[in-house]
Amino acid sequence: MAVLSKIRNRSGLLLLAIGFALFAFIIGEAIQSGGFNRQPREVGSVNGKDIAYEEFRLKVAELEKNNQGGQPMSAIQASNQIWNQEVSIALIAAEFEKLGLRVGKKHIVEVFKADPNIGQNPAFLNAAGKFDEKKFEDYFKANPEGMTAFKEREKNAELNAKYQIYNSLVKGALFTTDAEGKFKYEAENNKVSFDFVTVPYSSIKDSDVKITDEEIVAYMKTKEKKFKAEESREIEYVLVEDKPSAADEAEIKNKINSLLSTRVEYRDGKNDTIPGFKSATNNAEFVNMNSDIPFDSTYIAKQDLPAEHAEKLFALATGDVYGPYQFSNYYCISKALGRKAGAKAKASHILISWEGTQVPNKKEKRTKEQAKAKAEGLLAQAQANPSMFMMLAMTNSDDSSAQQGGDLGFFSPGQMVKPFNDFVFNNPIGKIGLVETEFGYHVINVTDKQDAIRLATIAQKIEPSEATTDKIYTQATKFEMEAATKDFAALAKEMKLTVSPSVRVKAIDESFGPISNQRQIVKWAFDKETDLNSVKRFEIVNVGHIIVKLKKINEKGLMAVEDARPQVEYLLKNKKKAEMIKAKMNGSSLSAIAASNKVTVLNATDLTIESPSVPGAGFEPKVVGTAFATKAGQVSKPIDGNSGVYVIMTKTVTKAPTIKDYKEYVAKLKPQVQGNAGRFMQALKNDADIVDNRATFY
């Protein structure tokens, strides 16, 4: 009872303790799961509108899976493409909403029709070969499983239709007035002549003018949009390559050399004679048993052999062996298995297609009969004067090879369609003839043939041994540990390693300097746990070990001074030089100013606003513009030009004669103005508040 009494008396304390424990547990869970330090579940936002990660992830995965480019696409590459797409859609959709753009069924159908996969699909065409909207709708009614995909396509079609309207509105708002045409006319034809004195900026040494970091920052702040920079990290690194030692190379060379001759090995209590490569009868089997690269039975032309060994390999008699020799990162020995005459051929052709053949960019429309008549005419011309073949191909062929005079280069049997292939390989050099294929009629000129050799090659890769790899690993880990407390560059020098130039990476980058696809290093650099000057080793397959150091953290905002300096410093230096030069440009006349600065008075004749190139000085629009605005005979104030400081005296301004209209000049301006229509998306991006959280997820 006493115990129970004590428990009752202390139950409040016990409950309080349990409460604290539960609270601590909840807090811990909240922190772990991101309750208080919660990572975003949105992949980003555009002007406050979130882009959900899950939907974004599915689109990225779909793009990776269905990439049509042929080359494998990484998750980062796919995410970049989807991100740009999503940002553009968010921005343009907001513009559609502002303008109240709406599209009807007809607009959407027109977009579908413009898609060749739909508009030219036989399943959706009527008897006259025209797109049948009812057939299109009935197809999806009969195939409910395709309805989801159709609905998605319909959304895209609606967006596309709105975009076309929006683009038309933008283009419609861009026009050129008669006043602009008049200005263009006068800029081209009003002329000014003037005398001038110039003192070039180069007269003052660059070393005499210093530009501070503060001055560069101040200049960037006046043009913040131009010098806007994303958050980035600068990383210096040492690469410890996992490469074979001289001893490893010698071992591989000796090993492959031992395969040449017959040898005796002791096996199962008796001596066993092992035939060498020279005397082997089953060459394919011998190669496959001893080579890292399987036996290849194809004939190889001399030009396709390893360049430094081509002469000796091609000269081998059947049964002769060459090697060991090094090619790339392999030691090789090769045995000649025979030669073949005319194994590769070179030809030129003139393709004359007709309507119905799958040849893009036909030079003209023609029937099959017309194509045949034209091809036969070209054949007669080519046979009568073979030297004209190149010109005939350039001016008549429907093939892209027309730009090369019809030259197709060298090719092997089976690479061309059968009628073409048979003609080339069954006829001698110089033969010109005509064949028909599914692409059209070909006038063919057989221009060259090459013999080829068949080789049995044993190639063994030169790789680091286990002992070498262990040594490299020890060196890399030692550097990593010591670099945490020692000077990075000094330690590298001490250990006979090289510090590579710093690499700058952004949060969503994938490549790391010359070493591609090193997302792990970029993620480490942006990890909140990675402090400035942190060091870490990364093992890269088939490369070695990279030991990296986080050298600098560049926050989002203005560009780093060292990045801006190359494009800003010379401007600020010229500005300072201009003030120094102006202080010496004393005198009431050009001759007096010239004398005080030890230069001569020069003259410029009939310059225009459109062509403001000052003789001996270059492009100087500000100087020429000032000349037009200055009264004749009056000495100007000093002008800061592109190449130096100028003082001018206008002599004459000749106005262009008045003309009836300026249509010709309006027409000159229109393409430039219309070209500005494509810049609206970048303008929307520049003004948008875009938050990119992708680095959290990828």
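Summarised in this report is the structure supplied together with it. (Residues numbered from 1 in each chain as written. Predicted model: local features only at pLDDT ≥ 70, side-chain atom pairs only at ≥ 80, totals over all residues. Heavy atoms only, no water.)

Attention now moves to the overall build of the chain. Scanning the chain for helices and strands turns up 25 helices and 23 strands. On C-alpha atoms alone, the chain measures out to a radius of gyration of 38 Å, which is more than a quarter above the 26 Å that the 2.2 N^0.38 rule sets for 698 residues. For the chain, with 698 residues in total, the buried portion stands at 37%. Counting only contacts in the chain whose residues sit at least 6 apart along the sequence, the fraction spanning at least 24 positions is 66%. With the model as given, the accessible surface of the chain reaches about 41700 Å², and the carbon-plus-sulfur share is 52%. Distance between charge centres in the chain, computed from 96 positive and 89 negative side chains, equals 4 Å. (Helix = DSSP H or I, 4+ residues; strand = E, 2+ residues; numbered from the N terminus. Rg over C-alpha atoms; globule rule 2.2 N^0.38 Å. Buried < 20%, exposed > 50% of the residue type's maximum accessible area, 1.4 Å probe, protein only. Contact = heavy atoms within 4.5 Å. Areas by Shrake-Rupley, 256 points an atom, 1.4 Å probe, with all protein chains shown as cover. Lys, Arg positive; Asp, Glu negative; His and termini not counted. Charge placed at Lys NZ, Arg CZ, Asp CG, Glu CD.)

Here we come to the sheet that holds strand 2 (residues 49-52). Across the sheet, three strands lie side by side as 2-1-23; this open sheet has antiparallel pairing. Every interior strand has two partners, whereas the edge strands, strand 2 and strand 23 (690-692), have only one. Ignoring strand direction, the axes of neighbouring strands in this sheet form an average angle of 20°. Summarising the sheet, strand 1 (residues 42-46) and strand 2 pair through four bridges and their orientation is antiparallel. Bridging across to strand 2, Gly44 finds its partner in Ile51. Strand contacts of helix 3 (residues 53-65): strand 1 and strand 2, with the helix running at about 50° to strand 2, the strand carrying the most contacts. Of the strands in this sheet, strand 1, strand 2 and strand 23 are in contact with helix 4 (residues 75-99), which crosses strand 1 at around 40°. (Pairing = 2+ DSSP bridges. Axes fitted to C-alpha atoms, helices over the stretch in contact; angles between N-to-C directions.)

By size, the foremost hydrophobic cluster in this structure holds 28 residues, and its most contacted members are Val43, Phe56, Leu91, Tyr166, Phe680 and Tyr698. Listing elements by their share of this core, those giving two or more residues are strand 1, helix 3, helix 4, helix 8 (147-173) and helix 24 (680-687). The element contributing the most residues to this core is helix 4, with nine residues. Here Tyr698 is in contact with Tyr53, Phe56, Arg57, Val60, Ala75, Ile76, Ser79, Ile508, Arg519 and Lys523, once residues within four sequence places are set aside. With 23 residues, the next largest nonpolar core counts Val209, Leu572, Leu590 and Val647 among its residues. (Core = buried A, V, L, I, M, F, W, Y, C linked by side-chain atoms within 4.5 Å.)

Its location among the elements puts Ser636 in the loop between helix 22 (621-629) and strand 21 (639-640). In this structure, the C-alpha to C-alpha distance between Ser636 and Ser588, residues 48 residues apart in sequence, is 10.0 Å. Residue contacts for Ser636: discarding those within four places in its chain leaves Val647 and Ile648.

This paragraph deals with the environment of Ile453. Assignment of secondary structure puts Ile453 in strand 13 (residues 440-461). Taking the C-alpha atoms as reference points, Ile453 and Lys162, 291 residues apart in sequence, are found 62 Å from one another. Excluding residues within four positions of it along the chain, Ile453 makes contact with Thr298, Tyr299, Ile300, Leu305, Leu313, Phe314, Leu316, Ala336, Gly338 and Arg339.

What follows concerns the packing of helix 10 (residues 213-221) against helix 20 (residues 561-582). At their nearest, the axes of helix 10 and helix 20 sit 9 Å apart, and the two run at 95° to each other. By the angle between their directions, the pair helix 10 and helix 20 is classed as roughly perpendicular. Where helix 10 abuts helix 20, its residues Asp213, Glu215, Ile216, Val217, Tyr219 and Met220 lie against Val561, Ala564, Arg565, Val568, Leu571, Leu572 and Lys576. (Parallel < 35°, antiparallel > 145°, perpendicular 65-115°, else oblique.)

That bond from Gly323 to Pro324 is cis: its omega, 5°, falls within 30 degrees of zero. Structurally, Pro324 is set in strand 9 (residues 321-327). One non-glycine residue with positive phi stands out, namely Ser328, at about 55°. Examined against the element boundaries, Ser328 turns out to sit in the loop between strand 9 and strand 10 (330-352). The exposure class assigned to Ser328 is exposed, which follows from its relative accessible area of 57%.

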